[in-house]
Structure formats: structure tokens, C-alpha cells
Amino acid sequence: MTATMASTYDPLIVAASVALSIFVAFVALDLGERVHTRDRLTALIWCAGGALVMGTGIWAVHFVGMMAHSLPVSMGYSYGFTGLSWLLAVLTAAVTLLLARARRLAWPQLAGGSALMAIGFLSMHQIGMLSLDMSPGVSWNLPLIGLATLLVWLASATTLRLFFRRREGSHARAQQLWMAVGLGAAMIGTHYMGMASASYAEGSVCLSAEQLGGDGLVLMVIAATVLMQVLTLVTAMLDARLRGQTRTLHHSLERANHQLQEANDELDRRAVLDPLTGLPTRAFFDERLASARTGGVRKLAVLFVDLDGFKPVNDSFGHACGDKVLREVADRLRRVLRSGDTVARVGGDEFVALMEDVAHPADCSMVAGRILDELARPFTVGEPPVQISASIGMAMYPDHARKGALVAHADAAMRAAKRAGGRQYAFFEPHMSTNAHEQLSLQTELRQALERGELVLHYQPKIDCRRRELAGVEALVRWNHPVRGTLGPSTFIPVAERFGLIGQLGQWVIEEACRQMKDWARVGMPMRVAINLSAQQLHEADLVERIDAALRRHGVAASQLLCEITETVTMEDVNTTQEVFGRLARIGVFIAIDDFGTGYSSLSYLRRLPARQLKIDRSFISDLETSADARAVVDAVVRLAHALGLRVVAEGVETAGQRDILVGMNCDELQGYFFARPMPADQLVAWSRRRPSLARV
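Starting afresh in each chain, residues are numbered from 1 along the sequence in its written order. Local features in a predicted model are, by the rule used here, given only for residues with pLDDT of at least 70; side-chain atom pairs are given and counted only at 80 or more, and totals for whole chains, interfaces and linings are based on all residues. Note that the side-chain values use all heavy atoms of the structure and ignore hydrogens as well as water.

With that settled, the discussion passes to the overall build of the protein chain. A tally of helices and strands in the protein chain yields 25 helices and 20 strands. In this scheme, a residue with accessible area under 20% of its type's maximum is buried, one over 50% is exposed, and one in between is partly exposed, where area comes from a 1.4 Å probe on protein chains only. Residue burial in the protein chain is summarised as follows: out of 697 residues, 50% are buried. Between two residues, a contact is recorded if the distance between any of their heavy atoms is within 4.5 Å. When contacts within the protein chain are restricted to residue pairs at least 6 apart in sequence, long-range pairs at least 24 apart make up 75% of them. Surface accessibility in these figures is a Shrake-Rupley result with a 1.4 Å probe; residues are shielded only by whichever protein chains are displayed. Surface exposure of the protein chain reaches about 32000 Å², of which carbon and sulfur atoms provide 57%. The helix and strand labels rest on DSSP assignments: H or I over at least four residues marks a helix, E over at least two residues marks a strand, and numbering proceeds from the N terminus.

Written as C-alpha cells, this is what we have:
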């Protein structure tokens, strides 16, 4: 009997081959899921790329396992047989993925397919063994080879079966990991069994010793394979997420096709009724209050109702549930109030009620108490039922204020009730009037400011990241108050919204922006200008017509105007938003979703809106340099927006570090104090002629 050389195995390389086999099996399970798609081209691309990745991974497990084996001679592996074994691994992986594409795999197909896989992988192994060119040649232990063949066949059949069971059942990562452990163990076990079946005669020499070999090669193969597998796994995870989003969008569109079309007179109805609740709007309420003031009614009362704990309903259950709650609140208010009273919705979760011919404050107290009781009852709009409450402020004429101040005083009383803990009502008292008087004074002065021309627009540049030049500006309104100096929008916009001036103010902004665009065009500086639209403007029946008329009047192309609407306003009443966005898009106006990331967005609704841009809220930008979570959110938003065909604008950029991170994330446009503060139109002309670039600014 011929003596054979003793062989040894490096335990570290053996451990590396085991870990690599489990990782490769984990990625292979994901690839089996990716190739199962109705789109033939996508499936073939995944098959081709997956075969390369999966085959290379399996070959690397085999090759690393071989390099764990050593003989008492100089060893190396021939280029030809090594390359051929890799090619067989890739081709066998391609066969495996093509089999995984089938919708079903009957037992005859499973047996035949797994046999084909076993032949391919065994051929790869045996040819790989031949890459160790020994003289005399290798001697084989045929019974052990037969056992290894059987195990490879069973492992191949198990792999195929798991592909299909995973597709039909759970896609949990933990389950996938356990499957990968089992498959990886089977793969590496059969490999080392095949290695054990080979033996070499004492005195044999390796003719390929000068070719492939060395410890560095092991590390290189492992590193390259792990990198390839990781990149494939990340790509597969992104693909899975996009497929899930696509399915969600598809289902949402199918549901939308079954919804009833609104009547042709919908716009006229919205002029006086809130489309969500069916209650009158603020404009109708103001008309009713004015009529009561001039109609000789002796006593009036205004009740300002604000819901407690409504925001968590939207955040936890979604806007669809929140909309149902608001509709039910409207119904309950109608039931509590008298038949001649008027109740209106004036904000997201704010309502006002007008009670005429009130004999005594106790009448208001009784109604307010019934409202609190009604709103405290659970809202059965989801599971579990939603529980909220309300804070109510009340002001009476002539007891608490003149008729023109009733709403402001009722608002002040409501805020006092909310500060006291909510779930209660409060009558207006003089000590509450400081803020109320301030707001009344501001709204009177704001009306005069519109007439006196005290409002101006400042413009903040947006920088295009790719072209490194000015991409457009955002128009921001300022009030040159004769006494208080320059006031920012945060001071007077809430007053305009609360007292019904936002429509007049918004129209002035539209006209002024169009006029300025025309002036800039005359001096050879065409400019895209972004303006902000409020929630109340979206409910103005003739908004789109007035924007179109302003563009035509000033001879400005509609594509130069970009209307920004905050994410919260966009999702507050999706049907109204979608209808207005659609009409604006039809006349050529660009749409942007502002402050993205601060509200509760539904991707299905976002996909239906004809927006061109997303603006990432500045709260995420400010933390970019210090927070990995902020970077992850911004990167995800940029990728999502680009997948939906939207440009991304980052506002609030204040440092070079923030700029560099955003440029690296392929953000499209940047805006913030790092580049320029908002400035008057004439200063912008001088600033733009310097042609600032990202490299210098």
C-alpha cells in the first residue's frame, strides 16, 4: 500500500470559510427573492448580476477552504483550472436563480433542478481540486465522494425549497439568518468532505507551486467577496423597500379609482364650506358675525374651541384617522349648539361658535359644558377608540368686549383654559387681554400696511449643487413698520391667518413676485421665484385663476413661479391639496413640498401630488455634522425624492460642513445663511453678478 502525505488545516482559515459560507447563503436567499418579479428585464438583470455575486461567493468559500488545507510541499494553484472552477460556479448559480424565478416548483422539477445544481457544484469542486497540480496525481476515496455527492444534492434541493417557502411565508431577517446558517453549514461540510476524499502519495510534488498562492491571496479573496456580497445585500434591501413602496402606491391608486368624483360646483361650495367637515369657513363666520353686529342683536357670545391631544392622534394613527375625528367633532358640535347658532372650522383643530340672543352667561356655560362632555366621549374611528378633550374660551358682547374683538378675546380665554390644564372652559377676563390687544392692534395696522405699501419682499438665493450657481430665490415677506422697524413673517402671518387677512396678503405677494420677475427679466436676469401658500389660500376657490391672471398681466412664464406648501398643510386635507396642485400644474406652475420631514406624510399621497421639489426642514440640516440619525434621515429623503423624480432643496445651510455633506448626498439645491441672507431685490442683482460658486461661497 502506497504511503500518503499527511495534510493539515489552518483553523483560522477554516473558521473564515465557515463564516463566509453562512454570509454567502444569507445573500443568496435575498437574491432568490429579487429574481421573482413580473418585469422580465428587471428579473434578467438580477439573474445576471446575482449569478455573478452568488457564484463568486460559492467559489470563494471553496477556494478559501482549499487554501486552509496544506501539504508538506510547496503549494500553488493553476490559473486555468482555478478560473474554470469560478466559471462553473457562476453558471451553476445562474441555473439556480433561473429555477428560483418559477412561480411554482413541482417535485419532479425540484429533483431535476437540484440534481443539475449538484452536478455543477461538484464539477466546480473537483476542477478546483485539480487546480492543485500534483505529480503523481490525486487518489480519490470513492465512497466518501459518493456521500458528498448525495449531500450536495440534498443541500441543493433544500436551497430551492427554502427559496419558495420563504417567498410564500415570512420574510423575517431572523428566519433568513437561521436558514443561512443551515445552508452555509451544509455547503462547507460537503466541501471539507470532498477535500477529505483526496489523498496524495508520499514524495509528490506540486507542479503549480509558482502560480496562485500565499496568505495575502486568502485575505484578498475574502475581502473582495465580502465587499461584493455586502454591496449586493444593500442593493437588495433598497430594492425590497422600493418594491414595497410601489405596491403601496399601486393599491392606493386602485382605491382612488373607485372613489366618487366631486360635483362640478365643488369650488363654489368650498368658498363657504370646509371640504373636510362640511362646516362653514372662517370667511363665512366673519360675515355672519358682522351681520349679527349690524342686525341689532343685543347680546352675542363667541366660543373658541381648541382640541386637546389631537396632534398625537395624527402622529399615531395617521391623517385618515385624524380626518374622521375632525368630522365627528363637527357633528357633535352641531348637535350641541342651538339651531340658530353658527359653528365654523377656522384651523386644523380649532372651531368657533357664534351664539346670538344670549340671555345670561349661564347659557354659555351650559353649552360649553355639554361640548366638553360630548368631546370627552371616545371616538370609535379606530382600534382602540381615540380619546381627546377640548379647551374652550368664551367672550360675550357687551360684557367682555366690543363686537369686533370677540374672537380675539375668546381666543385669549381659550389659551388661558389650556394653560390651566385643558379639559375646561373659561370666560374672558381683563388680565387675559394683553396678547389679545396686541393681536387686535397688529391686525388693524396690517390692514393699513397693505394700503400704505409698507410690505416688501426679500429674496434668499438657492444654489444649484451641480452647476454651482444661482438656481432661483425664495420670496420672504417683510413689514417695514413705521414704529417697530422691520418685522419678520413669524410676527404678523399668524395674525393675518387669524383675522382673515391672509388672502389679501397672499395676493399681494403673488403680484409683487410676478412684478419683480418681470423687472429682473428686463435686465437680463430671468429668475425662478418661490412663494409660500397658506392653508387658507388653498381653500380660496379662485386662487389658481388669480395666479394665472397675475402671471399673464406681468408677462411672466408660469414655469418661473414655484409655489411652496408645507408638508403639514399638504397632508391636512389631501383631496383639496391634490385638486389645487393639479390645477396649478396644468397652467405650468411648479410645486414644492416645504418643511418635509416635520409632518406625517403618506407616500401614496405624495406620489399622487404633481410636485417637482421637496424642501428638507432646517431642523434636520442643523444636526447634520453631529447626528448620524439626521444624516440618515436626510440621505433617505434625498434618495426617496430622486426615486420619485423630485428635486431636493435643503434649507438652513449655515456651515461649510453642512454644505459638503449635502453635496456628497447629491442634494440638488442649497439655501441658507452660509450663502446669503434674504435681501432686497436690488441687492440680489449685485450679489448674483458675482456668480458665487460652491467652491468659493
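The subject of this paragraph is the packing of aromatic side chains. Two aromatic rings, taken as a pair, are described by how far apart their centres are and by the angle between their planes. Each pair of aromatic rings taken from Phe, Tyr and Trp, with Trp reduced to its six-membered ring, is defined by centres within 6.5 Å and is described as stacked if the planes are under 30 degrees apart, edge-to-face if over 60, and tilted in the remaining cases. Applying the stated criterion to the full structure yields three aromatic pairs. Seen in terms of ring centroids, Tyr459 and Trp520 are 4.9 Å apart; in terms of plane orientation they differ by 70°. Their pairing is edge-to-face. Here Tyr459 is found in strand β12 (residues 455-464), whereas its partner Trp520 is found in helix α16 (residues 502-522), with 61 residues between them in sequence. We classify Tyr459 as buried; its relative accessible area is 0%. Note on Trp520: relative accessible area 1%, which makes it buried. Their ring planes at 85° and their centres at 5.2 Å tell us that Phe674 and Phe675 sit as a pair that is edge-to-face. Positioned above the aromatic ring of Phe590 is the side chain of Arg612, whose terminal nitrogen or guanidinium carbon lies 4.0 Å from the ring centre. For a lysine, the NZ atom is tested; for an arginine, the CZ atom; a charge sits over a ring if that atom is within 6 Å of the ring centre and within 35 degrees of the ring normal. Positioned above the aromatic ring of Tyr673 is the side chain of Arg677, whose terminal nitrogen or guanidinium carbon lies 3.9 Å from the ring centre.

This part takes up the sheet that holds strand β10 (residues 389-397). Backbone hydrogen bonds hold the strands of a sheet together, and the pairing may be parallel or antiparallel. Read across the sheet, five strands follow the order β8-β9-β7-β10-β11 without closing on themselves; strand pairing throughout is mixed. Both edges of this open sheet fall to β8 (342-345) and β11 (425-427), since each of them pairs with a single strand only. The sheet shows a mean angle of 20° between the axes of neighbouring strands, taken without regard to direction. Paired strands, as defined in this entry, are two strands with at least two bridges between them according to DSSP. Bridge count for β10 against β11 is three bridges, and the pairing is parallel. For every element, the axis is a line fit to its C-alpha atoms; helices are fit only across the contacting stretch, and the angle between N-to-C directions ranges from 0 to 180 degrees.

Let us look at unusual backbone geometry. A positive phi angle, close to 60°, is found at Arg423, a residue other than glycine. With respect to the secondary-structure elements, Arg423 resides in the loop between α13 (406-419) and β11. Positive phi values are uncommon outside glycine, yet Arg468 reaches one of about 55°. Residue position: Arg468 is located in the loop between β12 and β13 (469-481). Take Arg468: its relative accessible area is 40%, and that puts it in the partly exposed class.

Inspection of the secondary structure assignment puts Glu651 in strand β19 (residues 647-651). Overall, Glu651 belongs to the buried group, its relative accessible area being 5%. Definition of a polar contact: a pair of N or O atoms within 3.5 Å, with one able to donate and the other able to accept a hydrogen when the atoms are protein atoms, and with sequence-neighbouring residues admitted only if both atoms are side-chain atoms. Side-chain polar atoms of Glu651 contact the side chain of Lys615, separated by 3.5 Å. For Glu651, the contacting residues outside a window of four places in its chain are Asp594, Asp595, Lys615, Ile616, Asp617, Arg618, Ile621 and Gln671.

Attention shifts here to the packing of helix α18 (residues 543-554) against helix α20 (residues 574-586). Where α18 contacts α20, the axes come no closer than 10 Å and their chain directions differ by 20°. One way to sum up the angle between α18 and α20 is to call them roughly parallel. Between α18 and α20 the crossing geometry is right-handed. Facing Leu543, Val544, Glu545 and Ile547 of α18, the residues of α20 in contact are Val580, Arg583 and Leu584. For this classification, Asp, Glu, Lys and Arg are treated as charged, while Ala, Val, Leu, Ile, Met, Phe, Trp, Tyr, Cys and Pro are nonpolar and the rest, including Gly, are polar. Across the contact of α18 with α20, the residue classes tally to five nonpolar, no polar and two charged. Any angle between 65 and 115 degrees counts as roughly perpendicular, while under 35 counts as roughly parallel, over 145 as roughly antiparallel, and the rest as oblique. Crossing handedness is defined as follows: a turn of the near helix away from the far one that is anticlockwise and smaller than a right angle gives a left-handed crossing, while the clockwise case is right-handed.

An expected span of 1.5 Å times one less than the residue number is assigned to each helix. End to end, α18 covers 17 Å across 12 residues, agreeing with the expected 16 Å (1.5 Å per residue, within 8%). In this fold, the buried residues of α18 make contact with α16, α17 (535-538), β16 (561-566) and α20. Gly555, located one to two residues past α18, shows a positive phi value of around 65°.

Helical geometry note: an α-helix holds 3.6 residues per turn, so side chains three or four residues apart project in the same direction. The end-to-end C-alpha separation of α13 is 20 Å, in line with the 20 Å expected for 14 residues at 1.5 Å each. With 11 of 14 residues buried, α13 lies mostly within the body of the structure. The complete set of buried residues in α13 reads Leu406, Val407, Ala408, His409, Ala410, Asp411, Ala412, Ala413, Met414, Ala416 and Ala417. Just downstream of α13, Gly421 is the residue with a positive phi angle, here 120°.

This next bit is on the pairing of strand β15 (residues 529-532). By the bridge criterion, two bridges tie β13 to β15 in an arrangement that is parallel. When the bridges of β15 are listed, Val473 appears paired with Val529.

A few words now on a nonpolar patch on the surface. Together, Leu52, Phe81, Leu84, Trp86, Leu87, Leu91 and Leu130 line one region of the surface with nonpolar side chains, adding up to about 580 Å² of accessible area. Broken down by element, the residue count for the nonpolar patch peaks at five residues, all from helix α3 (residues 79-100). With respect to the helices, strands and loops of the structure, Leu52 is situated in helix α2 (residues 40-67). Residue classification places Leu52 among the partly exposed residues on the basis of a relative accessible area of 39%. Note that patches include only residues with greater than 30% relative accessible area and no salt bridge, and the join distances are 9 Å for like charges and 5 Å for nonpolar side chains (Val, Leu, Ile, Met, Phe, Trp, Tyr). Think of a salt bridge as a Lys or Arg side-chain nitrogen and an Asp or Glu carboxyl oxygen that are within 4 Å of each other.

This model, assessed by the stated rule, comprises 35 salt bridges. Ionic pairing is found between Asp668 and Arg466, a salt bridge with its closest N-O pair at 2.7 Å. Of this pair, Asp668 sits in the loop between α24 (656-664) and β20 (669-671) while Arg466 is found in the loop between β12 and β13, placing the two residues 202 residues apart along the sequence. Judged by relative accessible area, Asp668 falls into the buried class, the value being 3%. Assessed through its relative accessible area of 56%, Arg466 is described here as exposed.

Keep in mind that these numbers describe shape and distance, not what the molecule does.
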